[in-house]
Amino acid sequence: MSEKNTHSKSGNENFPLLAKSGKTNPYKVPEGYFESLQQKAKLIAAAGHPVPKVIALWSQLATGAVAAAALILAVMLFFEPGNDQTKTELTTEELIEAFDLYTTDTDIELLADYIDQSPAEASLRLALDEIPEEFIPEEFELYEMMDDSAM
Amino acid sequence: MTDPNVIIHGLLDKGAYEEAFSFIVKTYSERLYFHIRRMTRTHEDTNDILQETLVKIWKNLPGFQGRSRIYTWLNRIATNETLTFLRKHNRMKPDGYNDDAMKQLSSDPYFDADEATALLHTAIRLLPPRQQLVFNMRYFDELPFAEISEILDTSVGSLKASYHIAAKKIEEFLRNNTT
């Protein structure tokens with residue numbers, strides 16, 4: 001079975017009210033709206049031809065070298081012994097956003113432990129909107145297993 | 001029917017950008033509109049974002065390499081434009097629930113739904129924007145997590161977790177508000 005269809009199966013089991021709500025599209029558009037977009041598209045195109053970007057090889061190499069140097073420098077600064085940045089705590093905004101993903105007290109405790117253990121890593125990963133695999137709530141893992149088994 | 005990806009690539013290979021763009025607008029603008037609409041509050045906002053999206057698509061068309069499906073590429077542009085709009089208008093934090101939330105939705109002249117559907121869309125609007133995005137792409141657009149991952153540049157595991165949490169919050173909202 002394709003991934004497309006697994007939602008309805010596991011969804012029905014986990015979220016009965018949601019499954020009952022259906023997928024009807026309640027949003028409407030003014031009459032003739034999509035037809036008018038065709039005209040707008042012509043106007044956009046008439047405003048000027050898009051130009052294919054030609055990037056010289058030396059320019060690509062130079063950009064790559066600068067990016068690599070910047071990355072090395074950032075890593076060196078970040079992990080420098082005694083550097084306060086390695087002990088950086090999460091900002092309030094990051095914490096709110098992270099806790100928003102964790103809906104039960106147990107999950108929040110789990111995340112709080114993770115932040116305590118490695119605040120710098122937690123800060124980085126949460127800023128990237130990544131939930132560390134090892135800290136994905138247990139309940140979700142069950143859901144994921146059901147999802148996979150339906151595939 | 002020929003795969004739209006094939007048609008677009010054929011046109012781009014010939015340098016027929018205008019024809020390719022016109023084909024994209026004709027084939028995908030409705031789908032892109034509703035993708036944006038679910039994240040915004042009004043038709044007017046959606047229209048503004050969609051127009052910006054079309055301008056970006058036109059400008060970047062020669063750079064489309066075909067490494068991803070055309071809709072994935074278009075959706076990524078539309079999603080970025082939507083998030084930029086929401087950030088610009090300070091709408092990245094969801095509103096707290098109040099009695100007016102559903103009334104506000106129901107008073108939208110371009111929203112026409114029965115009570116159950118209105119309740120579902122109210123619940124979605126109360127989610128943080130990224131959770132809304134993940135939920136909408138998966139639930140309504142039925143995109144595979146791998147494709148959503150490519151659009152949002154986020155790991156599949158994280159997306160599955162976000163989806164699950166969003167669905168759980170919606171279920172709870174529906175349970176508390178269904179009469």
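Residues numbered from 1 in each chain as written. Chains lettered and ligands numbered in written order. Predicted model: local features only at pLDDT ≥ 70, side-chain atom pairs only at ≥ 80, totals over all residues. Heavy atoms only, no water.

### A short note on the packing of helix α3 (residues 33–46) of chain A against helix α3 (residues 43–60) of chain B
Our working rule: The convention used is that axes are lines fitted to C-alpha atoms, helices contributing only their stretch in contact, and that angles between N-to-C directions extend from 0 to 180 degrees. Working definition: helices are DSSP H or I runs of at least four residues, strands are E runs of at least two. Numbering for both runs from the N terminus. Each angle gets one of four labels, with under 35 degrees taken as roughly parallel, over 145 as roughly antiparallel, 65 to 115 as roughly perpendicular, and the rest as oblique. Put simply, a crossing is left-handed when the front helix is turned counterclockwise from the back one by less than a right angle, and right-handed when it is turned clockwise. Should any heavy atoms of two residues lie within 4.5 Å, those residues are counted as being in contact. Ten residues, namely Ala, Val, Leu, Ile, Met, Phe, Trp, Tyr, Cys and Pro, are considered nonpolar, four, namely Asp, Glu, Lys and Arg, are considered charged, and the remaining ones, Gly among them, are considered polar.
In the contact formed by α3(A) and α3(B), the axes pass within 10 Å of each other and the chain directions differ by 40 degrees. Between α3(A) and α3(B), the crossing angle belongs to the class labelled oblique. At the point where α3(A) passes α3(B), the crossing takes the right-handed sense. Across the interface between the two elements, Tyr33(A), Leu37(A), Lys40(A), Ile44(A) and Ala45(A) of α3(A) pack against His43(B), Asn47(B), Leu50(B), Gln51(B), Leu54(B), Val55(B) and Trp58(B) of α3(B). Split by residue class, the contact of α3(A) with α3(B) holds eight nonpolar, three polar and one charged.

### Considering the packing of aromatic side chains
Two aromatic rings, taken as a pair, are described by how far apart their centres are and by the angle between their planes. Our working rule: By convention, a stacked pair of Phe, Tyr or Trp rings (six-membered ring in the case of Trp) has centres within 6.5 Å and planes under 30 degrees apart, an edge-to-face pair has planes over 60 apart, and any other such pair is tilted. Remark: exposure states derive from per-residue accessible area (1.4 Å probe, protein chains only) relative to the maximum for the residue type, with buried under 20%, exposed over 50%, and partly exposed in between. In this scheme, the term charge over a ring applies when either NZ of a lysine or CZ of an arginine sits within 6 Å of the ring centre and within 35 degrees of the ring normal.
Scanning the entire structure with this criterion turns up 14 aromatic pairs over all chains. Relative to Phe34(A), the ring of Tyr33(A) has its centre 5.3 Å away and its plane inclined at 70 degrees; by these criteria the two rings are edge-to-face. Residue Phe34(A) is classed as buried on the basis of its relative accessible area, which comes to 15%. Put simply, the rings of Phe135(B), Tyr139(B), Phe140(B), Phe145(B) and Tyr163(B) pair up and form one aromatic cluster. Here the guanidinium or amino end of Lys23(A) rests over the ring plane of Tyr139(B), the centre of that ring lying 4.9 Å away. A cation over an aromatic ring shows up here: Arg138(B) above the ring of Phe145(B), its NZ or CZ 4.6 Å from the ring centre.

### Focus on the confidence of the model for chain B
What counts here: Here pLDDT means the predictor's own confidence in every residue, given as a number from 0 to 100.
Chain-level statistics for chain B give a pLDDT mean of 88 and a share of 93% at 70 or above. Scored as a whole, the predicted complex attains pTM 0.66, and scored at its interfaces, ipTM 0.85.

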